[in-house]
Each structure stands twice: as C-alpha cells, then as structure tokens.
Amino acid sequence: LKKLGWTTQNRMMTFLVRVKTLPYAKIIGKFGMKRLNDQKEKRIINKYKTEVLFFSPFNNAESGFTIYDEDFMKYKSFTNNNVILVDGIKVWAKSNGTLSIGNIDYCSEEKFMGVIEHLKLIARKMGLNQLLLQFSPNTFQAKYLLNHYEPIMGSAIIFKPFSTSIPLDKILFSNADIDTF
C-alpha cells in the first residue's frame, strides 16, 4: 500500500455486543430455511423502519465525514440495510447473521445506551446473538461504547491523501462507510 501512496491512519473500534438468545437465525439457515427467516427479520425491521433520510451524525464534530445524501443511500441500497427509528433515534442497520449497525444519530450517552438495549431486544426477536458496531476511535459512539464494552481491533482506516490540507485524523468513519454495509 505504501508504494501506491496509501497510508493507514488508524483502525476502527469494533464492538461485538452479545445478545442472550440462541442463534436460531443461523440454525434455521443451515436447514435451508434462510428465506423464511429473512421474511421474519424483514417483518420485525419493518415495524421500526422510517423513510426519513439518515444524515451523518458527524457533521457537528468539525470533522470530515461521509455525506449520506440521497445518492449515497441509493448506492448503499443493494445491501438491504434500513434506517430504523429506535426510541426516537435514527439507526442505520442491517441483519446478516448479526444485527450490524451502520451508524446511530447523535444523542446523549444515556439515550444511546437505551438504544443499544432496544437493539438487543430487536436482535433477540430476530434470533441474532450479537450486535456489531464499528466506529472511528474519536467518535461519540466509540466513546460511549468504551464506557460499557471492550472493543476488538477493527478495520484499518486507509487513505490515499491527495492533499495535506485535510488532517486525516479529523475524518470520522462508521460501519456504514464500509462498502459491504
């Protein structure tokens, strides 16, 4: 990567939040009933789904961030993710063996942890035994989660800097910014 001019600035902080349930979504998938389980998951998510656009919660942090505009959301629509409303807070989520959280709108730590608890209930209903959250270390989400959970090493944050005028440590990312989300 260095030969091509790329640089690794940092790593995402990944949090795997355990949900107390049997991972029956995975078990059902092994018996060839994945489609049936997908329909169940869709019914559960649809109860929380909102058509309100999800704008980046990082736009108040005086940092660089990915712009979640209508075109970006269309680009991301191929991965079957949804913006849901949990306790009045927008959450960008998808299920793929875990309840993977792309981003969570800005809120207080108390409200944020309430949303995490509610997401655990949603995951339990879906038969998913963990939440996956991934954020840049200097985001409010990572700071809140660090107070309650132990992170594991996440995806590398890799840049091709075209200019030195933008401090790379000021650019914030979440799981939603990864191509496969």
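These figures come from a predicted structure and were not determined experimentally.

1. A word on the packing of aromatic side chains
Applying the stated criterion across every chain, the model contains 9 aromatic pairs. Counting every residue linked through ring pairs, the aromatic cluster contains Phe54, Tyr68, Phe72 and Trp92.

2. Structural notes on helix H4 (residues 109–126)
Over its 18 residues, H4 extends 26 Å from the first C-alpha to the last, a length consistent with the 26 Å expected when each residue adds 1.5 Å. Among all positions in H4, only Phe112, Met113, Val115, Ile116, Leu119, Lys120, Ile122, Ala123 and Met126 are buried. Buried positions in H4, seen along its axis, are confined to an arc of 165° and lie on one side of it. A positive backbone phi angle near 80° is found at Gly127, which sits one or two residues after H4.

3. Remarks on the sheet that holds strand S4 (residues 99–104)
Spatial ordering of the open sheet is given by S2-S3-S4-S5-S1-S6, a layout of 6 strands whose pairing is mixed. Where the open sheet ends on each side, the last strands, each with one partner, are strand S2 (82–86) and strand S6 (152–159). On average, each strand axis in the sheet is inclined to that of its neighbour by 35°, with strand direction left out of account. For strand S1 (residues 7–18) and strand S5 (residues 130–135), the ladder comprises 6 bridges, and the chain directions are antiparallel. Its bridge partner being in S5, Phe15 is matched across the sheet by Leu133. In the packing of H4 onto the sheet, the strands contacted are S1, S2, strand S3 (89–95), S4 and S5, and the crossing angle to S4 comes to about 155°.

Calculation notes
- Residues numbered from 1 in each chain as written.
- Predicted model: local features only at pLDDT ≥ 70, side-chain atom pairs only at ≥ 80, totals over all residues.
- Heavy atoms only, no water.
- Phe/Tyr/Trp six-rings, centres within 6.5 Å; stacked < 30°, edge-to-face > 60°.
- Helix = DSSP H or I, 4+ residues; strand = E, 2+ residues; numbered from the N terminus.
- Expected span 1.5 Å × (residues − 1).
- Buried < 20%, exposed > 50% of the residue type's maximum accessible area, 1.4 Å probe, protein only.
- Arc of directions from axis to C-beta.
- Pairing = 2+ DSSP bridges.
- Axes fitted to C-alpha atoms, helices over the stretch in contact; angles between N-to-C directions.
- Contact = heavy atoms within 4.5 Å.

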